[in-house]
Number of protein chains: 2
Amino acid sequence: MTVTIYDVAREANVSMATVSRVVNGNQNVKPATRKKVLEVIERLEYRPNAVARGLASKKTTTVGVIIPDISNNIYAEAARGIEDIATMYRYNIILANSDQNEEKELILLDTMLGKQVDGIVMMSDAVTPKLHQSMDHSPVPIVLAGSVDESNTFASVNIDYFQATKDAVQMLIDNGHKRIAFVSGPLSYTINSHYKLEAYKTVLNEANIEVDEQLIIADDGTYDSALEAFEALAKIENPPTAFFAGSDELAIGLIHGAQDNGKKVPEDIEIISFENSKLARMVRPQLTSVVLPLYDIGAVAMRLLTKLMNKESIEDHSVIIPHRIEKRNSVK
Amino acid sequence: MTVTIYDVAREANVSMATVSRVVNGNQNVKPATRKKVLEVIERLEYRPNAVARGLASKKTTTVGVIIPDISNNIYAEAARGIEDIATMYRYNIILANSDQNEEKELILLDTMLGKQVDGIVMMSDAVTPKLHQSMDHSPVPIVLAGSVDESNTFASVNIDYFQATKDAVQMLIDNGHKRIAFVSGPLSYTINSHYKLEAYKTVLNEANIEVDEQLIIADDGTYDSALEAFEALAKIENPPTAFFAGSDELAIGLIHGAQDNGKKVPEDIEIISFENSKLARMVRPQLTSVVLPLYDIGAVAMRLLTKLMNKESIEDHSVIIPHRIEKRNSVK
DNA sequence: ATGAAAGCGCTAACAA
DNA sequence: TTGTTAGCGCTTTCAT
């Protein structure tokens, strides 16, 4: 019932090899033959079976994409970058959510390798030893997107989170603040948050400002948690006058928290965010934010993967995309 | 170099058929044999080749998911619902963005069918004749998620957009408004927006309120467009006192637009949204909104698809999920 | 309970 | 330029 390459060959009075050649754009086919075959393909509505092709050629033209959570805008943005470039290079993507759960990541890796993907793009906060080992055993290239591999074993695409955070906090320090709070999601599995915290502490130290653990809040990363964080910090002795927020959502929570407490941003409280999603402009005042180019990170990661799959030589397999700060109105 | 079922069979002194049986959980294997095979599988780190399996069994345990844009929260939420249920039933998903572009949709459908997916979940605003025809020709089941199929040919999962919008606008009418604006994205390709517009007109008519085309704005659906829409509508003679917004993003733009014009929400201007994403709570006042259960729509669609792929009988292939309005503070 | 063998639909030498 | 043929790694009758 389904039309196979054999049916086309018979109808066109050629061998399957010839049909295969025209389907695959091989030039060694006489134009007349090609035309004839193409006509039969059209008439029979022949559609090559990619599974059979994959088995025979050992290439599936599909890549696996493992991300924490597609419903989180951060990852969705990156996923779009990945998919766009994948499409550009004629790959399809198998997308799966890991929820930053090592066990799921391991299973997903295995499943995808079982499906014979040609490569994998992975976003994960923690490349644990087990994960590292599984990735090492992969028969196909893997590139990390938005995740730093400290062992420098795997290809990866990132911005310099450490420096970017330093820049952001420095901006606050330059505006005269001594009491600067750090608000993020869970340090254990909010992507790259520990680099941010390190940078925060480092830059404070460099400015001879004491690091006060009270000012470091790592809750669940939600809007509400930021609202509560502001509330709680407003009550302490010598409360913060400026905030570094790990994401736009947190920054908005902080702004609303400040406003609920009768504080004006940026007059009384200055807030800098780290993300710059479209949310950054959907709040008053609009957020000054480190721009985290998620789409680009995804796109570059996928592009890098295509090179790796193609066995092209790579200059540097750990690429750092430049970052910048978009100045709006939450910082003077 | 790669371990195949044949290697396992040889090492375990059984036939490949037996190995296949234990891998697939077939009960017709003596426990001792099973144990022996399992040991060899572990020792050799054998991983079944899903492509070969797919070719032989004609099942790939992967489904195609065609959505407009994964970086749009609406679709990302639905995608997560789809993926979660897919995972639950041991399917993987091939995810692709169509940008609501008919040509891309057609190509994607073809590509996925070529990859022998076992089924497809599709989100598309307009099931055009061509698309309809291609879908009709599909050898595997397709279910529409969040997209109404007026011909009732395909399985689909939706809420009652018409009734939901009527409920929302009615709420504004009940609060005494006569000048109610309708703000949405492009009517031609914002999902289900034409149902919303019809409902808006219908309920206005029912309340003997004249439909004023001036009050109907269908721009690009962005925050900025809503800001501008408010601005523009504030200047007309007899400006609107209430707004129906097609999405949370638009509603937030409207709120900010109102505030920029010195109006208070909900005292001076009432606004009701249609989406209820997490954004609905991230603005002051928080949005009263029709809840569009995207995750559920995706999840139910995928569940429905599993039944269809399994050739189970379906009660009704057009499922309507109940809707409700979440009351917050943008409406009195 | 187990094995033998015939495909699944295609690619890729190798020949011609 | 075209055809022949041997797999790719697995599932699935059909025997035994």
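Rules and cut-offs
- Residues numbered from 1 in each chain as written.
- Chains lettered and ligands numbered in written order.
- Predicted model: local features only at pLDDT ≥ 70, side-chain atom pairs only at ≥ 80, totals over all residues.
- Heavy atoms only, no water.
- Least-squares fit on C-alpha atoms with pLDDT ≥ 70 in both.
- Contact = heavy atoms within 4.5 Å.
- Axes fitted to C-alpha atoms, helices over the stretch in contact; angles between N-to-C directions.
- Helix = DSSP H or I, 4+ residues; strand = E, 2+ residues; numbered from the N terminus.
- Parallel < 35°, antiparallel > 145°, perpendicular 65-115°, else oblique.
- Left-handed = near helix turned anticlockwise from the far one by under 90°.
- Nonpolar A, V, L, I, M, F, W, Y, C, P; charged D, E, K, R; others polar.
- Near = heavy atom within 4 Å.
- Polar contact = N/O pair within 3.5 Å; in protein donor to acceptor, adjacent residues only side chain to side chain.
- Core = buried A, V, L, I, M, F, W, Y, C linked by side-chain atoms within 4.5 Å.
- Buried < 20%, exposed > 50% of the residue type's maximum accessible area, 1.4 Å probe, protein only.

*Asks:* Whenever I open this one, the relation of the copies chain A and chain B confuses me. Can you help?
*Replies:* Mapping between the two chain copies consists of a rotation about an axis together with a translation along that axis. Turning chain A through 180° and shifting it by 0.0 Å along the axis lays it on chain B, with an RMSD of 0.1 Å. Considering both components of the superposition, the chain copies are consistent with a two-fold axis. Closest to the rotation axis within chain A is the C-alpha of Ile94 of chain A, separated from it by 2.2 Å. Mapped onto chain B, 98% of the interface residues of chain A again fall at the interface, so both copies present the same surface.

*Asks:* Whenever I open this one, the packing of helix α8 (residues 161-174) of chain B against helix α9 (residues 193-206) of chain B confuses me. Can you help?
*Replies:* Residue and element names in this part refer to chain B. At a closest axis distance of 8 Å, the pairing of α8 and α9 adopts a crossing angle of 45°. With respect to α9, the axis of α8 lies oblique. The two elements α8 and α9 meet at a crossing, and its hand is right-handed. On α9, the residues that touch Tyr161, Phe162, Thr165, Lys166, Val169, Gln170 and Ile173 of α8 are Tyr195, Lys196, Glu198, Ala199, Tyr200, Thr202, Val203, Leu204 and Glu206. Each residue belonging to the contact of α8 with α9 can be placed in one class, and the counts come to nine nonpolar, three polar and four charged.

*Asks:* Would you mind going over the protein's contact with DNA strand C with me for this structure?
*Replies:* Around DNA strand C, the surrounding shell holds 28 residues, and the nearest of these are Ile5, Ser20 and Tyr46 of chain A together with Arg21 and Thr33 of chain B. At a separation of 3.0 Å, a phosphate oxygen of DNA strand C approaches a polar side-chain atom of Lys58 of chain B. Tallied by class, residues from the surface near DNA strand C come to twelve nonpolar, eleven polar and five charged.

*Asks:* Sorry, what's going on with the nonpolar core here?
*Replies:* Burial of nonpolar side chains together is a common tendency in soluble globular proteins. By size, the foremost hydrophobic cluster in this structure holds 164 residues, and its most contacted members are Tyr200, Phe243 and Met302 of chain A together with Tyr200, Phe243 and Met302 of chain B. Residues in contact with Phe243 of chain B, not counting those within four places in the same chain, are Leu172, Ala181, Val183, Phe230, Leu233, Leu254, Ile269, Glu270, Ile271 and Ile272 of chain B. Ranked by size, the runner-up nonpolar core spans 33 residues in total, among them Met135 of chain A together with Ile120, Val127 and Val140 of chain B.

*Asks:* Looking at this model, I keep getting lost on the protein's contact with DNA strand D. Mind explaining?
*Replies:* Around DNA strand D, a shell composed of 27 residues is seen, among which Arg21 and Thr33 of chain A together with Ile5, Ser20 and Tyr46 of chain B lie nearest. The sugar and phosphate moieties of DNA strand D supply 59% of its atoms located within 4 Å of the protein. Contacts to DNA strand D include Tyr46 of chain B, whose side-chain N or O atom sits 2.5 Å from a phosphate oxygen. Interatomic distance of 3.0 Å between a backbone N/O atom of Asn49 of chain B and a phosphate oxygen of DNA strand D.

None of this, on its own, says anything about what the molecule does.
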